[in-house]
Amino acid sequence: MEYGRIPPKTEDYLKYGAPEGQRNGALMEAACQLRDAKWEPQRLYDVLHRRGTLDGLKEGEINATIKSVLSRPARDEIGHKA
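Note that the structure is predicted; figures quoted are calculated from it, not measured.

K.L.:
Which residues make up the nonpolar core, and what values go with them?
P.N.:
Counting residues in hydrophobic clusters, the biggest one holds 18 residues, and the most contacted among them are Tyr13, Leu34 and Leu48. For this core, the elements supplying multiple residues, two or more each, are α1 (8–16), α2 (23–36), α3 (41–54) and α4 (59–70). For this core, the element with the most residues is α2, which contributes six residues. Those residues within four positions of Tyr13 in sequence are excluded, and the remaining contacts are Ala18, Arg23, Ala26, Leu27, Ala30, Leu48, Arg51, Gly52 and Asp55.

Here you go:
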């Protein structure tokens, strides 16, 4: 499966994480971007679980954030123009 492009900001988050005070918001934003880029849910969970854990988030926080994002429909594909 081919995955859609993700913004550089999301790539940076996946590589370097987020500082305390911004971790939950960064996780939510990345989850939205990956969902919108059509990442398979299991791959999205795997990647974000690793990142969230490295950032010090609790498993329950990570799961709840991802579940919430995946329960909503994707926004327009990145770069999509109407």
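K.L.:
Can you break down α4 residue by residue, with the values?
P.N.:
Three or four residues apart is the spacing at which side chains of an α-helix point the same way, because the helix has 3.6 residues per turn. For α4, built from 12 residues, the straight-helix expectation of 16 Å at 1.5 Å per residue is met to within 8% by its first-to-last C-alpha distance of 16 Å. Of all the residues in α4, the buried ones are Ile62, Thr65, Ile66 and Val69. Relative to the axis of α4, the buried residues are bounded by an arc of 90 degrees and lie together on one face. Opposite the packed face of α4, turned more than 90 degrees from it, sit the exposed residues Glu59 and Lys67. In this structure, the buried residues of α4 make contact with α2 and α3.

Definitions and limits used
Residues numbered from 1 in each chain as written. Predicted model: local features only at pLDDT ≥ 70, side-chain atom pairs only at ≥ 80, totals over all residues. Heavy atoms only, no water. Core = buried A, V, L, I, M, F, W, Y, C linked by side-chain atoms within 4.5 Å. Buried < 20%, exposed > 50% of the residue type's maximum accessible area, 1.4 Å probe, protein only. Helix = DSSP H or I, 4+ residues; strand = E, 2+ residues; numbered from the N terminus. Contact = heavy atoms within 4.5 Å. Expected span 1.5 Å × (residues − 1). Arc of directions from axis to C-beta.

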